Amino acid sequence: MHIELVIAKLITVGLGLLITYQAYRGYRVYGSEPMLYVAIGFLFISIGAVIEGILFDVFGLSIFLAGTIQTAIVAVGMLFVLYSLYGQMH
């Protein structure tokens, strides 16, 4: 295990979850629906930041399959963020 990589991943997840929380708070306080989609998007992106290593190390998936799943999860998160920007033009 590479402790530097684990620390970097934890920092990345922590920042992503902080953004998720703040965006969700913005949704709850101001009723801003786009902020809900930002929150969901960053939740997916945060999970995607660490899922590859977990799938590879813990579940024994190939690095190719783990990377494919990780990329798909991050892409879904980005689609949510993109939808928050362009999806609801009123």
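In this text the structure is predicted, and so the values were computed from the model without any measurement. (Residues numbered from 1 in each chain as written. Predicted model: local features only at pLDDT ≥ 70, side-chain atom pairs only at ≥ 80, totals over all residues. Heavy atoms only, no water.)

A. Region of the structure containing the packing of helix α2 (residues 33-57) against helix α3 (residues 63-86). At a minimum axis distance of 7 Å, the contact between α2 and α3 shows a crossing angle of 170 degrees. Taken together, the axes of α2 and α3 are roughly antiparallel relative to one another. In terms of residue class, the contact of α2 with α3 is made up of 21 nonpolar, six polar and one charged. (Axes fitted to C-alpha atoms, helices over the stretch in contact; angles between N-to-C directions. Helix = DSSP H or I, 4+ residues; strand = E, 2+ residues; numbered from the N terminus. Parallel < 35°, antiparallel > 145°, perpendicular 65-115°, else oblique. Nonpolar A, V, L, I, M, F, W, Y, C, P; charged D, E, K, R; others polar.)

B. Structural context of the side chain of Ser-46. Tracing the sequence through the fold places Ser-46 in helix α2. Given the relative accessible area of 3%, Ser-46 is considered buried. From its side chain, Ser-46 meets the backbone oxygen of Phe-42 in a polar contact 2.7 Å long. Excluding residues within four positions of it along the chain, Ser-46 makes contact with Val-13, Gly-16, Leu-17 and Thr-20. (Buried < 20%, exposed > 50% of the residue type's maximum accessible area, 1.4 Å probe, protein only. Polar contact = N/O pair within 3.5 Å; in protein donor to acceptor, adjacent residues only side chain to side chain. Contact = heavy atoms within 4.5 Å.)

C. Up close: a nonpolar patch on the surface. Together, Ile-3, Ile-7, Ile-11 and Leu-15 make up a nonpolar patch on the protein surface, roughly 380 Å² of accessible area in all. Here Leu-15 lies in helix α1 (residues 3-30). (Patch = residues over 30% accessible without salt bridge, like charges linked within 9 Å, V, L, I, M, F, W, Y side chains within 5 Å. Areas by Shrake-Rupley, 256 points an atom, 1.4 Å probe, with all protein chains shown as cover. Salt bridge = Lys/Arg side-chain N within 4 Å of Asp/Glu carboxyl O.)

D. Summary view of α2. The end-to-end C-alpha distance of α2 is 37 Å, a good match for the 36 Å that 25 residues give at a rise of 1.5 Å each. Most pronounced at Val-50, the bend in α2 amounts to some 40 degrees. Regarding α2, the residues found buried are Tyr-37, Val-38, Ala-39, Gly-41, Ser-46, Gly-48, Ala-49, Ile-51 and Leu-55. Looking at the buried residues of α2, the elements they touch are α1 and α3. (Expected span 1.5 Å × (residues − 1). Bend = angle between axes of the 7 residues up to and from the residue.)

E. Highlighting the packing of aromatic side chains. If you walk through the whole model with that rule in mind, you get four aromatic pairs. The interplanar angle of 45 degrees and the centroid separation of 5.9 Å between the aromatic rings of Tyr-24 and Tyr-27 together place this pair among those described as tilted. Here Tyr-27 and Tyr-24 lie together in helix α1, a separation of three residues that amounts to about one turn. Centre to centre, the rings of Phe-44 and Phe-80 are 5.7 Å apart; their planes meet at 15 degrees, and the pair counts as stacked. Highlighted residues: Phe-44 in helix α2 and Phe-80 in helix α3, separated in sequence by 36 residues. Classification of Phe-80 as partly exposed rests on a relative accessible area of 25%. Taken together through their ring pairs, the aromatic side chains of Tyr-37, Phe-44, Phe-80 and Tyr-83 make up a single cluster. (Phe/Tyr/Trp six-rings, centres within 6.5 Å; stacked < 30°, edge-to-face > 60°.)

F. The confidence of the model for the protein chain, seen in detail. Here the protein chain averages 93 in pLDDT, and 96% of its residues register 70 or above. For the protein chain, α1 is the element with the lowest average pLDDT, namely 94, and α3 is the one with the highest, namely 96. (pLDDT = per-residue confidence, 0-100.)

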